[in-house]
Amino acid sequence: MGAPGWRDHEGATRKLRGLEKMSWIKATVQFLHAWRHPDEIAREVEAELRFHIEMRTRANIEVGMRPDQAQLAARQSFGDFDRIKTKCCEINRSLPVDSTVLKMAIYITIAVLAGGAALWAVNMSHAENRSARYSQS
């Protein structure tokens, strides 16, 4: 299992990256919200992380630690609070899809539009030439 105080980081990451399981539309809305309201997201993430530290503190007190020792041990087992908070906020602001696929889709769309515009321009010049020939006759 692991040493006492070991955290299931994989499970926490899976929960944070729950975007994979939610609908694409919901994930996109959450992504846009995170970009429009970064301070609100940071406050929510900080509150959630503090809640987890408080729960660990309470668990430490229940096993017999003094409150000050329990809180210190909880903070130490949690790790670098600011780094974890920053990483969680970055996850909230990440795209709900692989950006490589999105970039490829954008490039293909631009190529198709450019090709369509080129065909239209060529056909328009031929149509003008034909109409000019018919009007001269």
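Every chain's residues receive numbers from 1 upward, in the order its sequence appears when written. Only residues with pLDDT of at least 70 get local features here, since the model is predicted, and only at 80 or more are side-chain atom pairs given and counted; chain-wide, interface and lining totals rely on the full set of residues. The side-chain numbers reported here are obtained from all heavy atoms of the structure, hydrogens and water having been left aside.

1. With respect to the confidence of the model for the protein chain
Working step 1: Confidence of the predictor at the level of single residues is captured by pLDDT, which takes values from 0 to 100. For the protein chain, the average pLDDT comes to 77, and 66% of its residues sit at 70 or higher.
Working step 2: Strands here are runs of E lasting at least two residues and helices are runs of H or I lasting at least four, both read from the DSSP assignment and numbered beginning at the N terminus. Considering each helix and strand of the protein chain separately, the mean pLDDT is smallest for helix H1 (residues 9-16), with a value of 55, and largest for helix H4 (residues 67-78), with 92.
Working step 3: The model gives residues 1-6 a pLDDT under 50, and that stretch makes 4 contacts with residues more than four places away or in other chains. When checking whether two residues touch, look at their non-hydrogen atoms; a contact exists if any pair is within 4.5 Å.

2. Overview of the nonpolar core
Working step 1: In this description, a nonpolar core means a group of buried Ala, Val, Leu, Ile, Met, Phe, Trp, Tyr and Cys residues linked to one another through side-chain atoms lying within 4.5 Å. Remark: exposure states derive from per-residue accessible area (1.4 Å probe, protein chains only) relative to the maximum for the residue type, with buried under 20%, exposed over 50%, and partly exposed in between. Ala34, Ile41, Ala42, Val45, Leu49, Ile53, Ala74, Phe78, Phe81, Ile84, Cys88 and Cys89 form the largest nonpolar core, which has 12 residues in total.
Working step 2: Every element with two or more residues in this core is listed here: helix H3 (38-62), H4 and helix H5 (81-92).
Working step 3: Of all the elements, H3 adds the most residues to this core, at 5 residues.

3. Structural notes on H4
Working step 1: Multiplying 1.5 Å by the helix residue count minus one yields the expected span of that helix. Taking 1.5 Å of rise per residue, the 12 residues of H4 would be expected to cover 16 Å, and the 16 Å separating its terminal C-alpha atoms lies within 8% of that figure.
Working step 2: Immediately downstream of H4, the backbone of Gly79 shows phi near 105°, a positive value.

4. Section: H3
Working step 1: In a regular helix each residue adds 1.5 Å, so 25 residues correspond to 36 Å; H3 covers 36 Å between its end C-alpha atoms and thus fits that length.
Working step 2: Buried residues of H3: Ile41, Ala42, Val45, Leu49, Ile53, Thr57 and Asn60, and no others.

5. Examining the pattern of salt bridges
Working step 1: When a carboxyl oxygen of Asp or Glu lies within 4 Å of a side-chain nitrogen of Lys or Arg, that pair is called a salt bridge. Tallying each qualifying case throughout the model produces 4 salt bridges.
Working step 2: A salt bridge links Glu46 to Lys85; the nearest nitrogen and oxygen atoms lie 2.9 Å apart. Of this pair, Glu46 sits in helix H3 while Lys85 sits in helix H5, and the two are 39 residues apart along the sequence.
Working step 3: Arg58 is paired through a salt bridge with Glu54; the nearest N and O atoms lie 3.3 Å apart. Of this pair, Arg58 and Glu54 both sit in helix H3, separated by 4 residues, roughly a single helical turn.
Working step 4: The exposure class of Arg58 is partly exposed, given its relative accessible area of 45%.
Working step 5: By relative accessible area, which is 35% here, Glu54 ends up partly exposed.

6. A look at a nonpolar patch on the surface
Working step 1: Among the surface-exposed residues, Leu102, Ile106, Tyr107 and Ile110 lie close enough to one another that they form a single nonpolar patch of about 400 Å² accessible area.
Working step 2: Tracing the backbone shows Ile110 in helix H6 (residues 99-136).
Working step 3: Ile110 gets classed as partly exposed once you look at its relative accessible area, which sits at 49%. Surface patches are drawn from residues lacking salt bridges whose relative accessible area is over 30%; two like charges belong together within 9 Å, two nonpolar side chains (Val, Leu, Ile, Met, Phe, Trp, Tyr) within 5 Å. To measure how exposed things are, a 1.4 Å probe is used in the Shrake-Rupley method; for residues, cover is taken only from the protein chains shown.

7. Focus on the packing of H3 against H4
Working step 1: Axes here mean lines fitted to C-alpha atoms, for a helix over just the part in contact, with angles spanning 0 to 180 degrees between N-to-C directions. Put simply, H3 and H4 touch, their axes get as near as 8 Å, and they point 130° apart. Taken together, the axes of H3 and H4 lie oblique to each other. Where H3 crosses over H4, the two elements pack in a sense that is right-handed. Facing Leu49, Arg50, His52, Ile53, Arg56, Thr57, Asn60 and Ile61 of H3, the residues of H4 in contact are Pro67, Ala70, Gln71, Ala73, Ala74, Arg75, Ser77 and Phe78.
Working step 2: Each residue is assigned to one class: nonpolar for Ala, Val, Leu, Ile, Met, Phe, Trp, Tyr, Cys and Pro, charged for Asp, Glu, Lys and Arg, and polar for all the others, Gly among them. A class-by-class count of the residues in the contact of H3 with H4 yields 8 nonpolar, 5 polar and 3 charged. For classification purposes, angles smaller than 35 degrees are called roughly parallel, those larger than 145 roughly antiparallel, those between 65 and 115 roughly perpendicular, and all remaining angles oblique. Two helices cross in a left-handed way if the nearer one is turned anticlockwise from the farther one by less than a right angle. They cross in a right-handed way if the turn is clockwise.

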